[in-house]
Amino acid sequence: MKPFILIREYRKTDDIAIQDLIKQYIMSYALSCFIQVLFREITLQLVVLMWAILFIFVGIPLHLCFLSIPVVIFLIVFCVYAVHFNKGIEQANANPKCCFVAEVYEEPLAMLNNNTEKVEYNLLFNETNGYDVTKLRKKIIGTISVRNHESRDKCGWIYRFAMDRKYPYDKVVEGLTRRAIQHCPSQGWYRLETVATECQDEVRESYAKLGFNIYQVYHRQIVGSSLSVMKTHLGLDVAKFVHLNSGHS
(Lines give C-alpha, C1' and ligand atoms only; values in the text may rest on other atoms or scores of the structure.)
Protein backbone atom coordinates (compact mmCIF):
# COMPACT_ATOMS: atom_id res chain seq x y z
CA MET A 1 0.00 0.00 0.00
CA LYS A 2 1.26 3.45 -0.90
CA PRO A 3 2.09 5.50 2.22
CA PHE A 4 0.17 8.69 2.84
CA ILE A 5 0.24 11.82 4.99
CA LEU A 6 -2.95 12.80 6.79
CA ILE A 7 -3.53 16.47 7.63
CA ARG A 8 -5.92 16.75 10.56
CA GLU A 9 -6.81 18.87 13.56
CA TYR A 10 -4.74 18.65 16.71
CA ARG A 11 -5.85 16.35 19.53
CA LYS A 12 -4.87 16.56 23.17
CA THR A 13 -3.14 13.17 22.90
CA ASP A 14 -0.73 14.71 20.35
CA ASP A 15 0.93 16.98 22.93
CA ILE A 16 4.03 14.91 23.70
CA ALA A 17 4.75 14.09 20.05
CA ILE A 18 4.27 17.73 18.97
CA GLN A 19 6.49 19.07 21.74
CA ASP A 20 9.32 16.68 20.84
CA LEU A 21 8.91 17.50 17.15
CA ILE A 22 9.10 21.27 17.74
CA LYS A 23 12.23 20.96 19.90
CA GLN A 24 13.99 18.74 17.36
CA TYR A 25 13.00 20.97 14.44
CA ILE A 26 14.27 24.18 16.04
CA MET A 27 17.49 22.53 17.22
CA SER A 28 18.10 21.21 13.70
CA TYR A 29 18.90 24.79 12.61
CA ALA A 30 21.45 25.40 15.36
CA LEU A 31 24.43 24.17 13.31
CA SER A 32 23.68 26.27 10.23
CA CYS A 33 23.05 29.29 12.44
CA PHE A 34 26.38 28.74 14.24
CA ILE A 35 28.26 28.63 10.93
CA GLN A 36 26.65 31.89 9.81
CA VAL A 37 27.47 33.62 13.11
CA LEU A 38 31.04 32.29 13.07
CA PHE A 39 31.88 34.24 9.90
CA ARG A 40 30.35 37.51 10.99
CA GLU A 41 32.01 40.64 12.31
CA ILE A 42 31.09 39.94 15.91
CA THR A 43 33.37 36.88 16.00
CA LEU A 44 36.44 38.94 15.16
CA GLN A 45 35.37 41.60 17.64
CA LEU A 46 35.11 39.01 20.41
CA VAL A 47 38.55 37.57 19.57
CA VAL A 48 40.17 41.03 19.68
CA LEU A 49 38.36 41.84 22.93
CA MET A 50 39.51 38.58 24.48
CA TRP A 51 43.10 39.22 23.35
CA ALA A 52 43.03 42.65 24.96
CA ILE A 53 41.68 41.31 28.25
CA LEU A 54 44.23 38.49 28.43
CA PHE A 55 47.20 40.68 27.43
CA ILE A 56 46.43 43.88 29.34
CA PHE A 57 44.60 42.75 32.45
CA VAL A 58 45.80 39.15 32.93
CA GLY A 59 49.33 39.61 31.62
CA ILE A 60 49.39 36.59 29.30
CA PRO A 61 52.05 36.91 26.53
CA LEU A 62 50.65 38.05 23.22
CA HIS A 63 51.61 34.86 21.35
CA LEU A 64 49.58 32.82 23.86
CA CYS A 65 46.53 34.98 23.33
CA PHE A 66 45.71 32.80 20.29
CA LEU A 67 44.20 30.46 22.87
CA SER A 68 41.31 32.91 23.04
CA ILE A 69 40.12 31.77 19.59
CA PRO A 70 38.80 28.33 20.70
CA VAL A 71 37.34 30.05 23.79
CA VAL A 72 35.40 32.47 21.58
CA ILE A 73 34.24 29.64 19.33
CA PHE A 74 33.02 27.68 22.36
CA LEU A 75 31.23 30.80 23.62
CA ILE A 76 29.46 31.23 20.27
CA VAL A 77 28.48 27.54 20.19
CA PHE A 78 27.08 27.78 23.70
CA CYS A 79 25.10 30.96 22.99
CA VAL A 80 23.67 29.73 19.66
CA TYR A 81 22.58 26.37 21.04
CA ALA A 82 21.24 27.98 24.22
CA VAL A 83 19.10 30.40 22.19
CA HIS A 84 17.72 27.57 20.04
CA PHE A 85 17.11 25.36 23.04
CA ASN A 86 15.26 28.13 24.87
CA LYS A 87 13.19 28.92 21.77
CA GLY A 88 12.36 25.23 21.38
CA ILE A 89 11.13 25.00 24.97
CA GLU A 90 9.10 28.20 24.60
CA GLN A 91 7.44 27.11 21.35
CA ALA A 92 6.83 23.55 22.56
CA ASN A 93 5.08 24.72 25.72
CA ALA A 94 2.86 27.24 23.94
CA ASN A 95 -0.86 26.54 24.01
CA PRO A 96 -2.28 27.49 20.60
CA LYS A 97 -6.02 27.77 20.10
CA CYS A 98 -5.83 26.47 16.54
CA CYS A 99 -3.34 23.78 15.57
CA PHE A 100 -3.09 21.17 12.82
CA VAL A 101 -0.78 18.19 12.44
CA ALA A 102 0.64 16.08 9.62
CA GLU A 103 0.53 12.37 10.44
CA VAL A 104 2.29 9.84 8.22
CA TYR A 105 0.94 6.30 7.71
CA GLU A 106 3.43 3.81 6.33
CA GLU A 107 4.73 0.27 6.62
CA PRO A 108 6.48 -0.45 9.96
CA LEU A 109 9.88 -1.02 8.32
CA ALA A 110 9.57 2.26 6.41
CA MET A 111 10.07 4.13 9.68
CA LEU A 112 13.70 2.97 9.57
CA ASN A 113 14.28 4.42 6.12
CA ASN A 114 16.41 7.58 6.18
CA ASN A 115 15.68 8.44 2.53
CA THR A 116 11.97 9.16 2.91
CA GLU A 117 12.33 12.40 0.90
CA LYS A 118 12.39 10.23 -2.25
CA VAL A 119 9.26 8.28 -1.29
CA GLU A 120 5.97 9.29 -2.92
CA TYR A 121 3.21 10.06 -0.40
CA ASN A 122 -0.47 10.67 -0.99
CA LEU A 123 -1.83 13.72 0.80
CA LEU A 124 -5.17 13.37 2.61
CA PHE A 125 -7.20 15.84 4.63
CA ASN A 126 -9.15 15.10 7.83
CA GLU A 127 -9.97 11.43 7.15
CA THR A 128 -8.19 8.31 5.86
CA ASN A 129 -10.86 7.86 3.13
CA GLY A 130 -11.32 4.12 3.48
CA TYR A 131 -7.64 3.24 3.74
CA ASP A 132 -6.93 0.09 5.72
CA VAL A 133 -4.58 1.43 8.37
CA THR A 134 -4.58 -1.60 10.66
CA LYS A 135 -1.19 -2.75 9.35
CA LEU A 136 0.33 0.70 9.07
CA ARG A 137 2.29 2.60 11.67
CA LYS A 138 1.52 6.26 12.21
CA LYS A 139 3.72 9.10 13.33
CA ILE A 140 3.28 12.85 13.65
CA ILE A 141 5.79 14.50 11.31
CA GLY A 142 4.54 18.08 11.15
CA THR A 143 2.52 20.74 12.92
CA ILE A 144 1.35 24.29 12.28
CA SER A 145 -0.60 26.83 14.34
CA VAL A 146 -2.53 29.94 13.33
CA ARG A 147 -3.82 32.89 15.30
CA ASN A 148 -4.94 36.48 14.87
CA HIS A 149 -2.31 38.89 13.63
CA GLU A 150 -1.15 41.14 16.46
CA SER A 151 -1.17 44.37 14.46
CA ARG A 152 -3.30 43.78 11.32
CA ASP A 153 -7.07 43.56 11.25
CA LYS A 154 -8.73 40.57 9.56
CA CYS A 155 -5.39 38.86 9.12
CA GLY A 156 -4.09 35.50 10.35
CA TRP A 157 -0.58 34.63 11.44
CA ILE A 158 1.21 31.30 10.92
CA TYR A 159 3.53 30.30 13.74
CA ARG A 160 4.83 27.28 15.65
CA PHE A 161 5.56 25.41 12.44
CA ALA A 162 7.71 22.31 12.75
CA MET A 163 8.30 19.11 10.81
CA ASP A 164 10.49 16.05 10.61
CA ARG A 165 13.06 17.16 8.04
CA LYS A 166 13.68 13.68 6.66
CA TYR A 167 10.22 13.74 5.03
CA PRO A 168 9.37 15.66 1.81
CA TYR A 169 9.39 19.36 2.64
CA ASP A 170 7.04 20.51 -0.11
CA LYS A 171 4.46 17.85 0.65
CA VAL A 172 4.28 18.52 4.40
CA VAL A 173 4.43 22.32 4.13
CA GLU A 174 1.80 22.32 1.38
CA GLY A 175 -0.60 20.10 3.31
CA LEU A 176 -0.31 21.99 6.60
CA THR A 177 -0.46 25.41 4.97
CA ARG A 178 -3.48 24.53 2.83
CA ARG A 179 -5.30 23.38 5.97
CA ALA A 180 -4.40 26.63 7.71
CA ILE A 181 -5.69 28.60 4.70
CA GLN A 182 -8.97 26.64 4.78
CA HIS A 183 -9.41 27.79 8.37
CA CYS A 184 -9.11 31.49 7.48
CA PRO A 185 -12.61 32.23 6.08
CA SER A 186 -14.30 30.93 9.23
CA GLN A 187 -12.26 33.44 11.23
CA GLY A 188 -12.89 36.33 8.86
CA TRP A 189 -9.23 36.52 7.80
CA TYR A 190 -8.59 37.90 4.32
CA ARG A 191 -4.82 37.62 4.56
CA LEU A 192 -2.43 35.10 6.04
CA GLU A 193 1.12 36.06 6.97
CA THR A 194 4.21 34.50 8.47
CA VAL A 195 7.96 35.00 8.78
CA ALA A 196 10.94 32.80 7.88
CA THR A 197 14.54 33.20 9.02
CA GLU A 198 17.57 33.16 6.71
CA CYS A 199 18.24 29.53 7.67
CA GLN A 200 14.78 28.34 6.61
CA ASP A 201 15.35 28.35 2.86
CA GLU A 202 13.20 25.24 2.28
CA VAL A 203 10.21 26.69 4.13
CA ARG A 204 10.48 30.02 2.33
CA GLU A 205 10.62 28.32 -1.07
CA SER A 206 7.65 26.08 -0.22
CA TYR A 207 5.57 29.10 0.80
CA ALA A 208 6.53 30.86 -2.44
CA LYS A 209 5.29 27.87 -4.48
CA LEU A 210 1.92 28.17 -2.72
CA GLY A 211 1.60 31.81 -3.75
CA PHE A 212 2.99 33.68 -0.74
CA ASN A 213 4.58 37.00 -1.66
CA ILE A 214 7.54 38.63 0.04
CA TYR A 215 6.44 41.78 1.86
CA GLN A 216 9.81 42.75 3.23
CA VAL A 217 13.23 41.44 4.15
CA TYR A 218 14.63 42.92 7.35
CA HIS A 219 17.30 42.34 9.98
CA ARG A 220 16.31 41.81 13.58
CA GLN A 221 19.10 43.04 15.81
CA ILE A 222 20.23 40.76 18.63
CA VAL A 223 23.47 42.40 19.80
CA GLY A 224 23.56 45.94 18.44
CA SER A 225 24.44 46.13 14.75
CA SER A 226 27.11 43.43 15.05
CA LEU A 227 24.75 40.48 15.32
CA SER A 228 21.39 40.34 13.61
CA VAL A 229 19.14 37.75 12.00
CA MET A 230 17.70 38.27 8.54
CA LYS A 231 13.99 37.53 8.34
CA THR A 232 11.58 37.39 5.42
CA HIS A 233 8.02 38.57 5.95
CA LEU A 234 5.62 36.62 3.70
CA GLY A 235 1.93 37.10 3.01
CA LEU A 236 -0.91 35.49 1.07
CA ASP A 237 -4.21 36.84 -0.26
CA VAL A 238 -6.57 34.14 1.03
CA ALA A 239 -9.50 35.01 -1.26
CA LYS A 240 -7.27 34.93 -4.33
CA PHE A 241 -5.76 31.61 -3.28
CA VAL A 242 -9.17 30.01 -2.70
CA HIS A 243 -10.41 31.26 -6.07
CA LEU A 244 -7.40 29.89 -7.94
CA ASN A 245 -7.54 26.56 -6.10
CA SER A 246 -11.31 26.09 -5.91
CA GLY A 247 -10.97 22.72 -7.63
CA HIS A 248 -8.39 21.42 -5.16
CA SER A 249 -9.79 18.73 -2.89
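Quick caveat, the model's predicted, so the values are computed rather than measured. (Residues numbered from 1 in each chain as written. Predicted model: local features only at pLDDT ≥ 70, side-chain atom pairs only at ≥ 80, totals over all residues. Heavy atoms only, no water.)

A. Just helix α5 (residues 169-187), in detail. A rise of 1.5 Å per residue sets the reference length of α5, with its 19 residues, at 27 Å; its end C-alpha atoms lie 27 Å apart and thus fit the reference within 8%. The complete set of buried residues in α5 reads Tyr 169, Val 172, Val 173, Gly 175, Leu 176, Thr 177, Arg 178, Arg 179, Ala 180, Ile 181, His 183 and Cys 184. Immediately downstream of α5, the backbone of Gly 188 shows phi near 75°, a positive value. (Helix = DSSP H or I, 4+ residues; strand = E, 2+ residues; numbered from the N terminus. Expected span 1.5 Å × (residues − 1). Buried < 20%, exposed > 50% of the residue type's maximum accessible area, 1.4 Å probe, protein only.)

B. Representation of helix α2 (residues 30-38) within the structure. Within α2 the residues assigned to the buried category are Ala 30, Cys 33, Phe 34 and Val 37. For α2, the arc enclosing every buried residue in end-on projection is 100°, short of the 170-degree limit, so these residues lie on one face. (Arc of directions from axis to C-beta.)

C. Up close: the layout of surface pockets. Of the volumes computed, that of the largest pocket is approximately 1400 Å³. If you go around the largest pocket, you meet 47 residues; those closest to its centre are Lys 87, Thr 197, Arg 220, Val 229 and Lys 231. Partitioned by chemical class, the residues of the lining of the largest pocket number 28 nonpolar, 10 polar and 9 charged. (1 Å grid on protein atoms, 1.4 Å probe; cavity = no way out; pocket = protein on both sides within 12 Å on 5 of 7 lines; lining within 4 Å. Points joined across faces, edges and corners; volume = space filled by probe spheres on them. Nonpolar A, V, L, I, M, F, W, Y, C, P; charged D, E, K, R; others polar.)

D. View of the side chain of Glu 103. Inspection of the secondary structure assignment puts Glu 103 in strand β2 (residues 99-106). A distance of 3.1 Å separates a polar atom in the side chain of Glu 103 from a polar atom in the side chain of Arg 8. Ignoring anything within four residues of it in the chain, the contact list for Glu 103 reads Phe 4, Ile 5, Leu 6, Arg 8, Lys 138, Lys 139 and Ile 140. (Polar contact = N/O pair within 3.5 Å; in protein donor to acceptor, adjacent residues only side chain to side chain. Contact = heavy atoms within 4.5 Å.)

E. The packing of aromatic side chains, seen in detail. For the structure shown, the criterion picks out 6 aromatic pairs. Seen in terms of ring centroids, Tyr 25 and Tyr 29 are 5.2 Å apart; in terms of plane orientation they differ by 85°. Their pairing is edge-to-face. Accessibility classification places Tyr 25 together with Tyr 29 in one group, the buried group. Of the aromatic side chains, those joined through ring pairs into one cluster are Tyr 25, Tyr 29 and Phe 161. In this structure, Arg 147 packs its charged tip against the face of Tyr 159, placed 4.8 Å from the ring centre. Residue placement shows Arg 165 over the ring face of Tyr 29; its charged tip is 4.2 Å from the ring centre. (Phe/Tyr/Trp six-rings, centres within 6.5 Å; stacked < 30°, edge-to-face > 60°. Lys NZ or Arg CZ within 6 Å of the ring centre and 35° of its normal.)

F. Main features of the pairing of strand β6 (residues 191-197). Across the 7 residues that make up β6, a large majority, 5, are buried. Where strand β5 (residues 155-163) and β6 come together, 3 bridges link them in parallel fashion. Within the sheet, the bridge partner assigned to Trp 157 lies in β6 and is Glu 193. As for the winding sense of the linkage, the β-α-β connection from β5 through α5 to β6 is right-handed. (Pairing = 2+ DSSP bridges. Right-handed = clockwise from strand over helix to strand, strands pointing away.)

G. Structural context of the packing of α5 against helix α6 (residues 201-210). For the pair α5 and α6, interaxial distance at closest approach is 10 Å and the crossing angle is 55°. Between α5 and α6, the crossing angle belongs to the class labelled oblique. Crossing hand, α5 versus α6: right-handed. Counted together, Tyr 169, Asp 170, Val 173, Glu 174, Thr 177 and Arg 178 of α5 and Glu 202, Val 203, Ser 206, Tyr 207, Lys 209 and Leu 210 of α6 form the full contact between these two elements. For the contact of α5 with α6, a count of residues per class yields 5 nonpolar, 2 polar and 5 charged. (Axes fitted to C-alpha atoms, helices over the stretch in contact; angles between N-to-C directions. Parallel < 35°, antiparallel > 145°, perpendicular 65-115°, else oblique. Left-handed = near helix turned anticlockwise from the far one by under 90°.)

H. Fine view of the pattern of salt bridges. One pass over the full model with this rule turns up 12 salt bridges. A salt bridge links Asp 15 to Lys 12; the nearest nitrogen and oxygen atoms lie 3.2 Å apart. In this structure, Arg 178 and Glu 174 form a salt bridge, with 3.0 Å as the shortest nitrogen-oxygen distance. Of this pair, Arg 178 and Glu 174 both sit in helix α5, 4 residues apart, roughly one helical turn. (Salt bridge = Lys/Arg side-chain N within 4 Å of Asp/Glu carboxyl O.)

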